[in-house]
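Secondary and tertiary structure notes
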Amino acid sequence: MRKYHWGFILIVVLLLGSTIFAVTYKRNETLYAGGGLWAPPNNWNPITPWSAVTGTVGLVYETLYLYDPLSDEMIPWLAKNGEWLTLKTFELKIRKGIRWTDGGIFNADDVKFTFELAKKYPEIYYSSIWKWLDSIEKKDDYTLLFHFSEPLYHEWAVNLYQIPMIPKHLWENRSKDEILAGANEKPIGTGAYLAETHDQDRMVYLKNATWWATDLLGIEPSPKRIVYLRVLSNNVALGMIIKGELDISNFFLPGIPTIKKFYGIHTWFDGEPYMLSDNTAFLFLNTTKKPMDDANFRKAVAYAINSEEIVEKVFEKQVLPSNPLGFLPIDAWMKYYDETVVNKYGFKYDPATAKKLLENAGYKDVNGDGFVEAPDGSKIELSIIVPFGWTDWMESIKIIANHLQKVGINAQAKFPDFGKYQDELYSGTFDMAINNFGSNLSVSVWTFYNWLFYRLTGELQTSGNFGRYSNPEVFDLLDQFNRTPFDDVENGRKIVSKMEEIFLKEMPAIPLWFNGMWFQASEAAWTYWPGENGPQNYPCTWGGRWQLGGLMMLTNLKSK
């Protein structure tokens, strides 16, 4: 009897489980998305957004502001408005009428708690703010004054749309371990969606019927449910988007020009480059190793690479080649782009100039094997690494290695697994490597330079400047820019111009192309997708990026 009892329970559980996750939702109410879920959903903790399921921040937990990179506009969200009263005091007005999804009232106490939690636990990712934030003063239930010891204006602007607000009444009694490492399986936020259910291959969000923005702002997301699918192959995603089983894809999918022609898949641009630009792919050169410690050698590498060939052959013109600075073509960054500096010190594809730079710096082919030796006569054998399986990057470095060989630099493409790639990148044992982890668009070009010129921290370099370029002058300029008021663009330009000049003279890393905001959509079930001739919403569903336009995209969609 006991054996039958447990067997019966197991059968019931299996049947129930298959019933739960084989539910067929109404197609005209359900959005199927993919491209930002790579592991089974198991974390909804806004304190660890890098490991939380996509949608945790943006759909469930919300930020004080949204940021629209297309219009370069900071949009008050949970905050009604904010302004600098003095150079060191920022006043934040909280929007009234917002509730947590458990019915609790959202107010200044929650905002104050969210920031002060990082003071209590310095392990929290935004705790560094307390190095320059002195105190938070509550004036009333909907007004806070942030008093800064030394305001970092650009970093503050980024924090306003990046830090998700947390409910004090639910988190104040949690243990340190729960806060820093807990899964937070039943997340309570202020957002447009609730975490309804999940399985190994999907996360299901259900529309919040009492979302504050419907009453206060007159907007409402169209899909009743979002089923975010874990699709582990680009080819599978391609088939699903063609068949209408996937409504929106944020995968890199090859063959888009042909697919658009025969299947009518929607992309941002109808023609080349099809995609918006989201981040810049750089070739980092390890400046702690010879010959990469020589600026002349690094500049020769820059002149030797033909990014146009990579754009055409690897990406089928779905991306754009980078400008010499690596600045994304967005207003927030380009207002600091100094054409005079670029025209004077910039580079372009020119193998003859690359060879001349090498020759003038003493790099010559001594033994007649077609490759130059170092000025001291030593042999040069270099590797370029990208993670195995990242096929677009793998093909790219094959082309780059060929370009370098043509000017006499012995470089080979190597494909370690991701773990080894990351270890080499962070520990500084690589020769050359492609990376783009911190170059994504933002409200300030400060984020870009903070990644490119991140201060050297010790044995591991995990937050940028992987080539370990050391230049106290550029580090100081970066700090000066951060301390310049956000709206003081004129003085900001003077500082950034100096950084640009140093970058182009020294070439510690080489910008190659703008990785796309990969976006393909099917119009089988939903229409009115964002695009150059449609709603101007940044179409991103990647983790921690919904507040850049993905949320607003949902409010404009129309079901068939």
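This structure is a prediction, so every number in the text was calculated from the model and none was measured.

Mapped onto this numbering, the UniProt entry gives "domain: Solute-binding protein family" (unreviewed entry) at residues 73–452. The distance separating the terminal C-alpha atoms of residues 73–452 is 24 Å; by composition the span is 34% helix and 20% strand.

Now for the sheet that holds strand S13 (residues 320–321). Across a sheet, paired strands are connected by hydrogen bonds in the backbone, their directions being either parallel or antiparallel. With mixed pairing, the six strands of this open sheet are ordered in space as S13-S17-S12-S16-S14-S15. Of all the strands in the sheet, the pair left with one neighbour each is S13 and strand S15 (411–414). Pairing geometry for strand S12 (residues 276–285) and strand S17 (residues 509–517), over eight bridges, is antiparallel. Counterpart to phenylalanine 282 in the pairing with S17 is proline 511. Lying on the sheet, helix H15 (residues 418–427) is in contact with strand S14 (382–385) and strand S16 (432–435); it crosses S16 at an angle near 110°. Seen against the sheet, helix H16 (residues 445–452) touches S12, S16 and S17 and runs at an angle of roughly 20° to S12.

This part covers unusual backbone geometry. Each neighbour pair has its own omega, and for glutamate 272 with proline 273 the value is 5°, a cis peptide bond. In this structure, proline 291 follows lysine 290 across a cis peptide bond, with omega equal to 0°. Mapped onto the elements of the fold, proline 291 is located in the loop between S12 and helix H9 (295–304). Phi at asparagine 465 is positive, roughly 50°, even though this residue is not glycine. Tracing the chain through its elements places asparagine 465 in the loop between H16 and helix H17 (472–482). For methionine 507, which is not glycine, the phi dihedral falls at a positive 45°. Positionally, methionine 507 belongs in the loop between helix H18 (489–506) and S17.

Here we take up H16. Taken across its eight residues, H16 has seven buried, putting it largely inside the fold. Those residues of H16 that sit buried are Val445, Trp446, Thr447, Phe448, Tyr449, Trp451 and Leu452.

Assigned domains within the protein chain: domain 1 (43–181), domain 2 (186–275 + 517–559) and domain 3 (277–515). Put simply, the middle of domain 1 and the middle of domain 3, counted by C-alpha atoms, are 34 Å apart. Across the boundary between the two partners, domain 1 contributes 14 residues, which contact 17 residues of domain 3. Buried area between domain 1 and domain 3, both sides added, is near 1,300 Å², and the carbon and sulfur share of it is 66%. Three residues, Asp72, Tyr153 and His154, lead the burial of domain 1 against domain 3; their summed loss comes to 44% of the area buried on that side.

Before going further, it helps to spend a moment on the pairing of strand S2 (residues 65–68). Every second residue of S2 is oriented toward a common face, with Tyr65 and Tyr67 on one face and Leu66 and Asp68 on the other, all of them buried. When S2 meets strand S3 (residues 73–76), the two strands line up antiparallel, connected through four bridges. Paired with leucine 66 across the strands is isoleucine 75, a residue of S3. Where S2 folds back onto S3 in an antiparallel hairpin, the turn is made up of four residues, including aspartate 72, whose phi is positive at roughly 55°.

Moving on: a nonpolar patch on the surface. Among the surface-exposed residues, Trp390, Phe418 and Phe437 lie close enough to one another that they form a single nonpolar patch of about 250 Å² accessible area. As for its position among the elements, phenylalanine 437 is in the loop between S16 and H16.

At a minimum axis distance of 7 Å, the contact between H9 and helix H13 (residues 351–360) shows a crossing angle of 165°. In terms of their interaxial angle, H9 and H13 are classed as roughly antiparallel. For the pair H9 and H13, the crossing hand works out as left-handed. When H9 is examined against H13, the residues Asn296, Phe297, Lys299, Ala300, Tyr303 and Ala304 are found in contact with a partner set consisting of Pro351, Thr353, Ala354, Leu357 and Leu358. A per-class count over the contact of H9 with H13 returns eight nonpolar, two polar and one charged.

A few words on the packing of aromatic side chains. Remark: the centre distance and the inter-plane angle together describe each pair of aromatic rings, the angle taken between the planes. All chains considered together, the criterion is met by 46 aromatic pairs. Ring geometry for tyrosine 125 against tyrosine 126: centres 5.0 Å apart, planes inclined by 85°, an arrangement best described as edge-to-face. Taking the centre distance of 5.7 Å and the plane angle of 85° together, the rings of phenylalanine 327 and phenylalanine 448 count as edge-to-face. Within this pair, whereas phenylalanine 327 is found in the loop between S13 and helix H11 (331–334), its partner phenylalanine 448 is found in helix H16, the two being separated by 121 residues in sequence. Accessibility assignment for this pair places phenylalanine 327 and phenylalanine 448 in one class, buried.

Let us now look at the pattern of salt bridges. Summed over all chains, the structure comprises 23 salt bridges. The residue glutamate 116 makes a salt bridge to lysine 112 at a minimum N-O spacing of 2.9 Å. Of this pair, glutamate 116 and lysine 112 both sit in helix H2 (residues 108–120), separated by four residues, roughly a single helical turn. Here aspartate 476 ties to arginine 455 by a salt bridge, and the two come within 3.6 Å at their closest N and O atoms. Linking aspartate 476 in helix H17 with arginine 455 in the loop between H16 and H17, this pair joins segments that are 21 residues apart in sequence. On the basis of relative accessibility, which here comes to 39%, the residue arginine 455 falls in the partly exposed class. Among the charged side chains, a network of salt bridges with common partners joins Asp109, Lys138 and Asp141.

On to the sheet that holds strand S6 (residues 133–140), then. Strand order in the open sheet formed by four strands is S4-S5-S7-S6, and the pairing between neighbours is antiparallel. Looking along the sheet, the strands with just one partner apiece sit at the ends: strand S4 (79–86) and S6. Strand-to-strand, the axes of this sheet are offset by a mean angle of 20°, without reference to chain direction. Sheet topology places S4 next to strand S5 (residues 89–94); six bridges connect them, and they run antiparallel. Looking at the pairing, threonine 86 lines up with threonine 89 of S5. Of the strands in this sheet, S5, S6 and strand S7 (143–148) are in contact with H2, which crosses S6 at around 165°.

What follows deals with the environment of methionine 552. Structurally, the position occupied by methionine 552 is in helix H19 (residues 550–556). Separated by 486 residues in sequence, methionine 552 and leucine 66 have C-alpha atoms that sit 9.7 Å apart.

Averaged over all residues, the pLDDT of the protein chain is 95; the fraction at 70 or higher stands at 96%. Per-residue pLDDT stays below 50 along residues 1–21; that stretch engages in five contacts with residues further than four places along the chain or on separate chains.

About the criteria used
Residues numbered from 1 in each chain as written. Predicted model: local features only at pLDDT ≥ 70, side-chain atom pairs only at ≥ 80, totals over all residues. Heavy atoms only, no water. UniProt positions renumbered as here; feature names shortened; annotations may be inferred. Helix = DSSP H or I, 4+ residues; strand = E, 2+ residues; numbered from the N terminus. Pairing = 2+ DSSP bridges. Contact = heavy atoms within 4.5 Å. Axes fitted to C-alpha atoms, helices over the stretch in contact; angles between N-to-C directions. Buried < 20%, exposed > 50% of the residue type's maximum accessible area, 1.4 Å probe, protein only. Domains from an automatic or database assignment. Buried area = accessible area lost by both parts, 1.4 Å probe. Patch = residues over 30% accessible without salt bridge, like charges linked within 9 Å, V, L, I, M, F, W, Y side chains within 5 Å. Areas by Shrake-Rupley, 256 points an atom, 1.4 Å probe, with all protein chains shown as cover. Salt bridge = Lys/Arg side-chain N within 4 Å of Asp/Glu carboxyl O. Parallel < 35°, antiparallel > 145°, perpendicular 65-115°, else oblique. Left-handed = near helix turned anticlockwise from the far one by under 90°. Nonpolar A, V, L, I, M, F, W, Y, C, P; charged D, E, K, R; others polar. Phe/Tyr/Trp six-rings, centres within 6.5 Å; stacked < 30°, edge-to-face > 60°. pLDDT = per-residue confidence, 0-100.

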